[in-house]
Structure formats: C-alpha cells, structure tokens
Amino acid sequence: MNATAESYVTEDGRTIGAPVMEVKNITLKFGGVTAISNISFDIREGEIRAIIGPNGAGKSSMLNVINGFYHPQEGEIWFHGEKRKPMKPYQIAQQGIARTFQNIALFKGMSTLDNIMTGRFTHMKTNMLKQAIWKGPAEREESLNRDIVEHVIDFLEIQAIRKTPVGRLPYGLQKRVELGRALAAQPKLLLLDEPMAGMNVEEKEDMSRFILDVNDEFGTTIALIEHDMGVVMDISDRVVVLDYGKKIGDGTPDEVRNNQDVIDAYLGVAHD
Amino acid sequence: MSADFFYTVEVIINGLMTGVMYSLVALGFVLIFKASGVFNYAQGVMALFAAMTLVGIQTGQVPFAHLINTIFGTHLHKFGWEVPTLLAILLALGVMILFAFIVERYILKHLVNQDPIILFMATIGLAYFMEGFGDLMWGSEIKNLDVGLPQGGNIWLENATSDWADGFYGFYLDNLDMWATAIAVVLVASLIVFSNYTKTGRALRAVADDNQAALSVGISLRTIWVIVWSLAGFVALVAGIMWGAKSGVQFSLSLIALKALPVLMLGGFTSIPGAIVGGMIIGVGEKLFEFAVGPYIGGATENWFAYVLALLFLVFRPQGLFGEKIIERV
Ligand SMILES: Nc1ncnc2c1ncn2[C@@H]1O[C@H](COP(=O)(O)OP(=O)(O)O)[C@@H](O)[C@H]1O
Ligand SMILES: [Mg+2]
C-alpha cells in the first residue's frame, strides 16, 4: 500500500479515508481547444475537495468528465478502486455520483418537493407493472423515499417552499433546491459546480454551513468548484488548482496558498 | 324547454365527442414534443400505418405479399386464418413498439443535440417512408376495419328522449362515436395517471423539463425516447382504430393529423390538459358554427373554422391556453 492510500484524521476530528475517485492523466479536447491537459488527482473518502482556478481553466469540464457528460480522449477514471469503463451519465448517477450545475438545472415546472423527489430516481426499484398490480412494496418504497426527501427538506430549511414551482424561486433558493435534489440521491460522491456563485454574503454563509453539515453528518465525500478563495480556504480539506487546462497546484489550503505557480496564476489573470 | 334547445345540446355533445378524438391525435404530438422537442410530422401516418397493420393482422394478410409475388412469381395473399380482434390489437401494438425502437436506434440516436428543425425534417422523411412502407407491406387499397364496436345511431337513446319537447325527435348520437369517446377518455385519464404517479411518468416529465438535469439524476434519455414513441404509437393505434372503423383505412386517415394542428395552436405544444381542452373547444366550436352560421354562408365551414379559431387565438394568446406567458429576456 502506498502512502496516499492511508487514512488520516483532520484537525476537527473527521476521518479521511482512501481515495474514492481517482482521475489519471485525463486529456479532453474540443476540436482545437484542449480543455484539460494530462490532469491527475484523487478525491478521498469523507473529504471536501475543492477545484479552483481562473475562468476557462477547465474546472466544469473536469466535473463533466467525472459524471460522464464529457468523454476524455485520454486517461483513466477509477471509482472505488476500480477502473471505470466509458459510461453514460445515467449509469454514473446509478453508481452514486450526484451533482449540481454551474447554471442551475432544475425542473422548472415542478415543485420543490417533486424536484427533490427526482433525486430518488436511482433508488426507485419497483417497476410500473408491480406498482399497478401489487400495491404493498410500491407503497413501502414510496413512503421510504418520501421520508428521505422530507429529511432533506428539513435539513436545508426549505419547508416553506415545498409546494412552490421552482421556476418562481429566487436564485439563491434555487441553488439550495438543486443541492437538495443531489442530496436526496444519498450519493457516495457529491459534485458541486460553483454552489455559491452569484450569492450574497449571507447566502454564501448558509451554503457553506450546509456543505460542511452534509459532510459532517452524512460523511458525504464532496468535490466542489468555487471562486471565492475565502470560502475555499475555510471549508476544504484539500485543493487542486487548474489553469489553462493544466494542474498547477494540489494540497492543503495552506500549501496551495503559498504555491508560487498558484500565486502567479491568480495575479496574472484578471478574473471576475 | 324547446326543441331548438335540445338540438343545440345535441350539436354540443357531438362536438365534444369529435373534440375528444382530436385531443387524442393532438396528445400523440404533445407526448413526443414534450419529451424531445420534436414536432413529429409522422404522427398522422403512424395512425394510418397502425390501422393498416391491425387490419392486415386481423384478416391474416401476408405482409409484403405483392413484393414476394413479384420476385418469386408466387400468388400469396392471405394466410387463410383470422386473428381475434383483441389479439390483433395487441400484436399491432407490438409492431408500434418495435417501430419506436427502430426510430430511436436508427434516427434519433444519431441526431442528438441537433436543431429542432433538423429533427422535424427527419420526421418528414420518416412520414413519407412509412407511407410507402405501409403500402408495400399491406397494399394500398382501401380497407374495411371492423373491431366489433356497434355502428350507427343509438336507437334506445333516441326513443328514450324523443318526448322531451314538441318537435324534438330525440338525441341522435352515433354508437361508434360514443364508444370512441369513452375509450379516448379512459386513455387520456390513464396517460395523466401514468405521467403523474409512476416512476417512468415522473422521468418523462423530468426529461421534458431539462435533459441535462434528468441525466444527472440517473434517467436514460434513450429509454425515455423509446417509451414516448411507443406511447405515441399506442395513441396513434387507438386514433387509427376509431377513425378507421368510421371511414375505412385509407390514405386520408393520415390527414387527421391536420385536425390536430389547430388543437395544438390552441392548447400549446407541451400541455396535456391543453390538448384535451383545446380538442373540445375546436370540436364544439366547429359543430356549433356549422349549425348556427353554416346554413347562411353555404356550409362546409368545418374545413376551415378550426384554423381561423386557432389563428385568432394565436393573436391574443400565443403561448396557448395553459402555456406560461413568454417574456423575452433582454
Ligand atoms: N461543450 C464544449 N464545447 C466546446 N468547448 C468547451 C465545451 N465545454 C468547455 N469548453 C471549453 O473548455 C474550456 C474550459 O471550460 P470550462 O471547463 O467550462 O472552464 P471553467 O469551468 O474552469 O470556467 C474553455 O475554453 C471552454 O470554452
Ligand atoms: Mg465552470
């Protein structure tokens, strides 16, 4: 066993385990544009892993590779210690990877409750025929799913908007509902693409707290993309830094903060 | 109450019954449009093809008989058996589901992420292909479709209501229309239950709302496409049976799709309730207009009334009856 496979305990007493997700030498091209160039890193069980970097660095592309929206030209993805075959996004969701999007992707016509319920999709086993003929198991399953969804709603403190069509909610709440949908899947790995973008300070604080609580209470492994350096340094265990599709830093917030390449990238590139 | 009143009621009931049939055809369009943003030009031809297939199976026709006979010099026409109606309907449904698989596998799969206009063109191609393929498979002659539903006016109802007013001879309603209405109502109700209360139904709505999000929660787009095209095939089969039983299975059956267009303009392309209410409004509207105004302007208003009504509607409510108001972001 090599050094990286060992588990360790954080300052605040959480146990970080072996890598759940390993991306190895990933290269992703769109025509002439190389969005990701030979990048490797891992995400360990129970940790909050941040991916940072200037706009266009390839952060979202990386999440899209992990959840199967994009298929890299080169490289390997290892999940739970096994090399993953090329897969469709829905199959990857079934494996326990849930996500949110940089530009909110909710079911706008549905209520908060229904949106979060769709997060249970991969856990709904009973098929339609059974539902029609044999009510028992279907009802039990439905009520279990409802309990989990209600728990998520309580957890995120959005009881008041349960029945509201999400299209009518303000931006910050939509982000929260989207997080709720991902949480309802009880994922092994949760991917968050800029969960706090466009939020005011107070909303950011709420969201940071939710992310920390999810990780703490359910032990969920989280990879998140975030622009706000303060937030990143506060909540993440380890940070990987991308710039122009290349990895320029990887380590604890302190290590990354003192990395000269990272400092140059952030000073050299004007970003929003 | 006067005879005139009851005659008007009769016209309205007839309009409602016709309207339900329009709704049925419109539903086929809505199902596919909601789930994949495709306006399926082939929906009418699907109804024709489904009805031809049903007649062919029922009467024991040899598929591609003409082609086989030409190539091998044989004289095949019929197998010499008849398939019971219910079994034949199930088999025809099987053919429509197979068709859905083929459409997904050989057309949609290759057109993912293309512009809607490209997909629309593909369905035009599909429509003409199916039309020719149907003729090749089952022959192009007019066929008689008998699924055992009663035809003609309902005498019992007419007698029972004949003394409701002076000069009123009772409600004259067609048996087949009443059956068609009952079946369409059951079908529409089950579609609504299906879409609201089953896992697959929820998945359908999710896909209709946001593809990416649907994928991310574990929904397979390809499976959903097969399901919606199968559903649309099923709806086409039912519409084909009703219309085919009424006026024979022939090319004009595919034109019922044209009747669905005004319904869609009225009800919106993405709303199931819209398709239902839109169908009723068009059905009742055109029958009432023909009854009240038709005689003064030479009749045959049913050919164009629906379109004029839909156009007027478009001017005042372009988003349809139940659509959300479209406000352009600037
Ligand atoms: N679907 C796509 N098609 C073409 N180019 C893309 C696509 N997605 C991302 N890119 C390109 O890849 C690069 C990285 O983009 P992205 O991953 O969105 O960056 P970030 O999330 O770090 O801001 C950019 O140059 C972007 O234009
Ligand atoms: Mg991004």
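Keep in mind that this is a model prediction, so the values were computed, not measured.

Q: So what's going on with the coordination of the magnesium ion (ligand 2)? Residues and values would help.
A: All names here are of chain A. Within the protein, the atoms that donate to the magnesium ion (ligand 2) are Ser 60 (OG) and Gln 102 (OE1), at distances of 2.0 to 2.2 Å. Note that Ser 60 is positioned in helix α1 (residues 59-66) and Gln 102 in the loop between β8 (97-99) and α3 (112-118), a separation of 42 residues in sequence. Ser 60 gets classed as partly exposed once you look at its relative accessible area, which sits at 21%. For Gln 102, a relative accessible area of 31% translates into the label partly exposed.

Q: Describe the packing of helix α7 (residues 175-197) of chain B against helix α8 (residues 199-209) of chain B, listing the residues and the values that go with them.
A: Residue and element names in this part refer to chain B. In the contact formed by α7 and α8, the axes pass within 5 Å of each other and the chain directions differ by 80 degrees. When the axes of α7 and α8 are compared, the pair comes out roughly perpendicular. Between α7, through Phe 194, Ser 195, Asn 196 and Tyr 197, and α8, the contact on the second element is made entirely by Lys 199, Thr 200, Gly 201, Arg 202, Leu 204 and Arg 205. Across the contact of α7 with α8, the residue classes tally to three nonpolar, four polar and three charged.

Q: Pulling in residues and values, what's your account of the site of ligand 1?
A: Residue and element names in this part refer to chain A. Looking at ligand 1, the residues that line it are Phe 30, Val 33, Ala 35, Asn 55, Gly 56, Ala 57, Gly 58, Lys 59, Ser 60, Ser 61 and Tyr 70. At 2.8 Å, a backbone N or O of Gly 56 approaches an oxygen atom of ligand 1. Within the side chain of Tyr 70, a nitrogen or oxygen atom sits 3.0 Å from a nitrogen atom of ligand 1. Look at ligand 1: alone it shows 560 Å² of surface, and the protein chains cover 63% of it. When residues of the shell around ligand 1 are traced back to their parent elements, those giving at least two are β4 (33-44) and α1. Here the element with the most residues in the shell around ligand 1 is α1; it accounts for three residues. Class assignment of the residues belonging to the shell around ligand 1 gives a composition of five nonpolar, five polar and one charged.

Q: Explain the domain arrangement of chain A to me, using residue names and the numbers behind them.
A: Residues and elements named next belong to chain A. Under the domain assignment used here, chain A contains domain 1 (1-87 + 188-272) and domain 2 (103-186). A separation of 27 Å is found between the C-alpha centroids of domain 1 and domain 2. Contacts between domain 1 and domain 2 engage 18 residues on the former and 12 residues on the latter. Contact between domain 1 and domain 2 buries roughly 1100 Å² in total, counting both sides, with carbon and sulfur atoms accounting for 70%. Viewed at the interface, domain 2 and domain 1 are joined by two salt bridges. In this structure, the salt-bridge partner of Arg 176 is Asp 206, at a minimum N-O distance of 3.6 Å. Taken together, the links from domain 1 to domain 2 amount to two residue pairs in polar contact (both at pLDDT 80 or more). Of all the secondary-structure elements, those providing two or more residues to the side of domain 1 that touches domain 2 are β9 (189-193) and α7 (201-218). Looking at the side of domain 1 that touches domain 2 element by element, the count peaks at nine residues for α7. Taken together, the residues of the side of domain 1 that touches domain 2 break down into nine nonpolar, one polar and eight charged.

Q: Can you break down helix α5 (residues 116-138) of chain B residue by residue, with the values?
A: Residues and elements named next belong to chain B. Over its 23 residues, α5 runs 32 Å from end to end, which matches the ideal 33 Å to within 8%, given 1.5 Å per residue. Where α5 is concerned, the buried positions are Leu 119, Thr 123, Leu 126, Ala 127, Met 130, Gly 134, Met 137 and Trp 138. Looking at the buried residues of α5, the elements they touch are α2 (43-58), α3 (65-72), α4 (85-106) and α10 (221-247). With its phi angle positive at about 85 degrees, Gly 139 sits one or two positions after the end of α5.

Q: A description of the side chain of Ser216(B) should follow, citing residues and the corresponding values.
A: Mapped onto the elements, Ser216(B) comes out in helix α9 (residues 211-216). Given a relative accessible area of 6%, Ser216(B) falls into the buried group. Each residue touching Ser216(B), except ones within four places of it in the same chain, is listed here: Asn67(A), Ala93(A), Ile97(A), Arg99(A), Phe101(A) and Arg181(A).

Q: Just give me the short version of α2(B), but keep the residues and values in it.
A: All names here are of chain B. Helix length check: α2 (16 residues) gives 23 Å between terminal C-alpha atoms against 22 Å at 1.5 Å per residue, within 8%. Within α2, 16 of the 16 residues are buried, which leaves the element mostly enclosed by the surrounding structure. Following α2 by one or two positions, Gly 60 has its phi on the positive side, about 70 degrees.

Q: How would you sum up the sheet that holds strand β7 (residues 82-83) of chain A? Please name residues and give values.
A: All names here are of chain A. Read from one edge to the other, the open sheet built from four strands follows the order β4-β3-β6-β7, with strand pairing classed as antiparallel. One side of each edge strand has no neighbouring strand; the edge strands of this open sheet are β4 and β7. Here α1 sits on the sheet and contacts β3 (19-30), β4 and β6 (74-79); the angle it forms with β3, its principal contact strand, is near 115 degrees.

What counts and how
Residues numbered from 1 in each chain as written. Chains lettered and ligands numbered in written order. Predicted model: local features only at pLDDT ≥ 70, side-chain atom pairs only at ≥ 80, totals over all residues. Heavy atoms only, no water. Donors = N, O, S within 2.8 Å, 3.2 Å for Na, K, Ca; no water. Helix = DSSP H or I, 4+ residues; strand = E, 2+ residues; numbered from the N terminus. Buried < 20%, exposed > 50% of the residue type's maximum accessible area, 1.4 Å probe, protein only. Axes fitted to C-alpha atoms, helices over the stretch in contact; angles between N-to-C directions. Parallel < 35°, antiparallel > 145°, perpendicular 65-115°, else oblique. Contact = heavy atoms within 4.5 Å. Nonpolar A, V, L, I, M, F, W, Y, C, P; charged D, E, K, R; others polar. Near = heavy atom within 4 Å. Polar contact = N/O pair within 3.5 Å; in protein donor to acceptor, adjacent residues only side chain to side chain. Areas by Shrake-Rupley, 256 points an atom, 1.4 Å probe, with all protein chains shown as cover. Domains from an automatic or database assignment. Buried area = accessible area lost by both parts, 1.4 Å probe. Salt bridge = Lys/Arg side-chain N within 4 Å of Asp/Glu carboxyl O. Expected span 1.5 Å × (residues − 1). Pairing = 2+ DSSP bridges.

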